[in-house]
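# Per-entry structural report
Take a look at the letters that make up each chain.
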Amino acid sequence: MDIKHRENDSRGMFFVKDEKGIYAELTYQKKAGDILVIDHTEVRPELEGQGIATKLLAHSVEFARKNNYKIEPLCPFAEVQFDRNKSYSDVRA
């Protein structure tokens, strides 16, 4: 899976796409203090349950680690994953 990243001064997203367009995305807002607020995670309904959103979240955590960001998991999916995966605690805001 080729996870792409796009961002501007205040927002960003990690996403994957196919010939039909974007089929999974994780979006975030940038806050002061080098904090990324994950506000939305979505996968096309027919592709749910395959771990795609989990891979996007893991990719965002690695991005945060490499770039010295902290993550505030506002999106319900991200919040549950952060609660379940203690290895993400180093980047939790």
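These figures come from a predicted structure and were not determined experimentally.

### A closer look at the overall build of the chain
- For the chain, the helix and strand inventory stands at two helices and five strands.
- Listed N to C, the secondary structure of the chain is β-β-β-β-α-β-α in terms of helices and strands.
- Here the C-alpha radius of gyration of the chain, 13 Å, is about what a compact globule of 93 residues would show, namely 12 Å.
- Counting only C-alpha atoms, the chain reaches 35 × 30 × 20 Å along its principal axes.
- Classification of the 93 residues of the chain by burial places 39% in the buried group.
- Counting contacts in the chain only where the partners sit at least 6 residues apart, residues at least 24 apart contribute 36% of the total.
- For the chain, the computed accessible surface area is about 5600 Å², with 47% contributed by carbon and sulfur atoms.
- One way to put it: in the chain the 15 positive side-chain charges average out to a point 3 Å from where the 16 negative ones average out.

### Quick word on the packing of aromatic side chains
- Counted by the stated rule, this structure contains four aromatic pairs.
- Judged by centre distance (5.9 Å) and plane angle (35°), the rings of Phe14 and Tyr28 are tilted. On the criterion of sequence distance, the pair formed by Phe14 in strand 2 (residues 11-18) and Tyr28 in strand 3 (residues 21-31) is long-range, its members being 14 residues apart. An identical accessibility class is assigned to Phe14 and Tyr28; each is buried.
- A ring pair is formed by Phe14 and Phe63, whose centres lie 5.4 Å apart and whose planes are at 70°; its orientation type is edge-to-face. Within this pair, whereas Phe14 is found in strand 2, its partner Phe63 is found in helix 1 (residues 52-66), the two being separated by 49 residues in sequence.
- Classification of Phe14 as buried rests on a relative accessible area of 1%.
- Among the aromatic side chains, those forming a connected cluster through ring pairs are Phe14, Tyr28, Phe63 and Tyr69.

### A closer look at the nonpolar core
- Core analysis: the biggest nonpolar cluster contains 25 residues, and Phe14, Ala24, Ile38, Ile52, Leu57, Ile71 and Phe82 have the highest contact counts within it.
- Ranked by the residues each element gives to this core, the list is headed by helix 1, at seven residues.
- For Ile52, the residues in contact, after removing those within four places along its chain, are Met1, Val16, Tyr23, Ala24, Val43 and Leu47.

Thresholds, definitions, all that
- Residues numbered from 1 in each chain as written.
- Predicted model: local features only at pLDDT ≥ 70, side-chain atom pairs only at ≥ 80, totals over all residues.
- Heavy atoms only, no water.
- Helix = DSSP H or I, 4+ residues; strand = E, 2+ residues; numbered from the N terminus.
- Rg over C-alpha atoms; globule rule 2.2 N^0.38 Å.
- Buried < 20%, exposed > 50% of the residue type's maximum accessible area, 1.4 Å probe, protein only.
- Contact = heavy atoms within 4.5 Å.
- Areas by Shrake-Rupley, 256 points an atom, 1.4 Å probe, with all protein chains shown as cover.
- Lys, Arg positive; Asp, Glu negative; His and termini not counted.
- Charge placed at Lys NZ, Arg CZ, Asp CG, Glu CD.
- Phe/Tyr/Trp six-rings, centres within 6.5 Å; stacked < 30°, edge-to-face > 60°.
- Core = buried A, V, L, I, M, F, W, Y, C linked by side-chain atoms within 4.5 Å.

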